[in-house]
Amino acid sequence: MWFGTQAGLARYDAYRMTIYKSNPRDPTSLIDNYVLSAFEDAQGGLWFGTKGGLNRYDRLTQKFTRYAPDQSTPDTSSNRTVAVIVKDGTRGLWLGTEDGLKRFDFSTRQFTALRHDPNDPASIRDERINALVHDRHGNLWIGTASGLDRMQPGLTSFDHINIDIAGRSKEKQNIVRSLLIGADEQLWIGSDHGLSRLS
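Residues numbered from 1 in each chain as written. Predicted model: local features only at pLDDT ≥ 70, side-chain atom pairs only at ≥ 80, totals over all residues. Heavy atoms only, no water.

A. Just a nonpolar patch on the surface, in detail. There is a patch of nonpolar side chains on the surface, built from Met1, Phe3, Tyr12, Met17 and Ile19 and spanning about 510 Å² of accessible area. Mapped onto the secondary structure, Ile19 falls in strand β3 (residues 17-20). (Patch = residues over 30% accessible without salt bridge, like charges linked within 9 Å, V, L, I, M, F, W, Y side chains within 5 Å. Areas by Shrake-Rupley, 256 points an atom, 1.4 Å probe, with all protein chains shown as cover. Salt bridge = Lys/Arg side-chain N within 4 Å of Asp/Glu carboxyl O. Helix = DSSP H or I, 4+ residues; strand = E, 2+ residues; numbered from the N terminus.)

Given below as structure tokens:
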């Protein structure tokens, strides 16, 4: 069992607790101690999102590989936070960050970012992403600090869904914190104004 904390990553094997921490002198340690998200890929690889970037844990060596966007690339933000991780088929990962929706490609080890463009109404509505979930049709649902977006398979444009339940603060109910697809394929939305459902 793994636990992400603000002071490192912990693993409990039913006998003892092992703590993994960032070490500036060890490039095979965690990139940052503030662990926000975790994901296991189809090959059993463990991925962890931190405030400093993305890490992959090797079960055999018990070492980490660090991944972060190249800061020398134009238009690359210094914010490396990875708040949530989901799969992108077998080819990569989708990452919810504070700098847009990012895709990490397994083969190239490169990041691609989809950000808000005020001149493009089909761009993602907010770069602050708190939640991601896939439905059975392959749609990627994105919970942002300004509402709910949907990206359909094969596209890089977004549908915007406004949450507007009578009697609730419009601003707070559109600060989406968590998403879940239920057994009945309905989408559950946790926000700053409680729980809602999209059917």
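B. Representation of the pairing of strand β16 (residues 176-181). Across five bridges, the pairing between β16 and strand β17 (residues 187-191) is antiparallel. What sits directly across from Ile181, in β17, is Leu187. (Pairing = 2+ DSSP bridges.)

C. A look at unusual backbone geometry. Phi angles above zero are rare outside glycine, and Ala14 is one such case at about 80°. As for its position among the elements, Ala14 is in the loop between β2 (8-12) and β3. Phi angles above zero are rare outside glycine, and Gln62 is one such case at about 60°. You can see Gln62 is positioned in the loop between β6 (53-58) and β7 (63-67). On the basis of relative accessible area, Gln62 is assigned to the partly exposed category, the value being 38%. (Buried < 20%, exposed > 50% of the residue type's maximum accessible area, 1.4 Å probe, protein only.)

D. Fine view of the sheet that holds strand β15 (residues 159-161). Strand order in this open sheet of four strands is β12-β13-β14-β15, and the pairing throughout is antiparallel. Of all the strands in the sheet, the pair left with one neighbour each is β12 (129-134) and β15. In this sheet, neighbouring strand axes are inclined to one another by 25° on average, regardless of whether the strands run parallel or antiparallel. Direction of pairing for strand β14 (residues 147-151) relative to β15: antiparallel, over a ladder of three bridges. Paired with Leu148 across the bridge in β15 is Ile161. (Axes fitted to C-alpha atoms, helices over the stretch in contact; angles between N-to-C directions.)

E. Region of interest: the pairing of strand β1 (residues 2-5). Where β1 and β2 come together, four bridges link them in antiparallel fashion. The partner of Phe3 across the bridge, within β2, is Ala10. Hairpin geometry of β1 and β2 is characterised by an intervening segment of two residues between the two adjacent antiparallel strands.

F. Seen up close, the sheet that holds β16. Here three strands make up an open sheet; going across it, the order is β16-β17-β18 and the pairing antiparallel. Strands with a single pairing partner mark the edges of an open sheet, and in this sheet they are β16 and β18 (194-198). Between one strand axis and the next, the sheet turns through 20° on average, direction left out of account. The pairing of β17 with β18 spans five bridges and is classified as antiparallel. Opposite Leu187, over in β18, you have Leu198 as the bridge partner.

G. Broad picture of the environment of Asp164. Topologically, Asp164 is positioned in the loop between β15 and α1 (170-173). Assessed through its relative accessible area of 56%, Asp164 is described here as exposed. In this structure the C-alpha to C-alpha distance between Asp164 and Asn174, which are 10 residues apart in sequence, comes to 8.1 Å.

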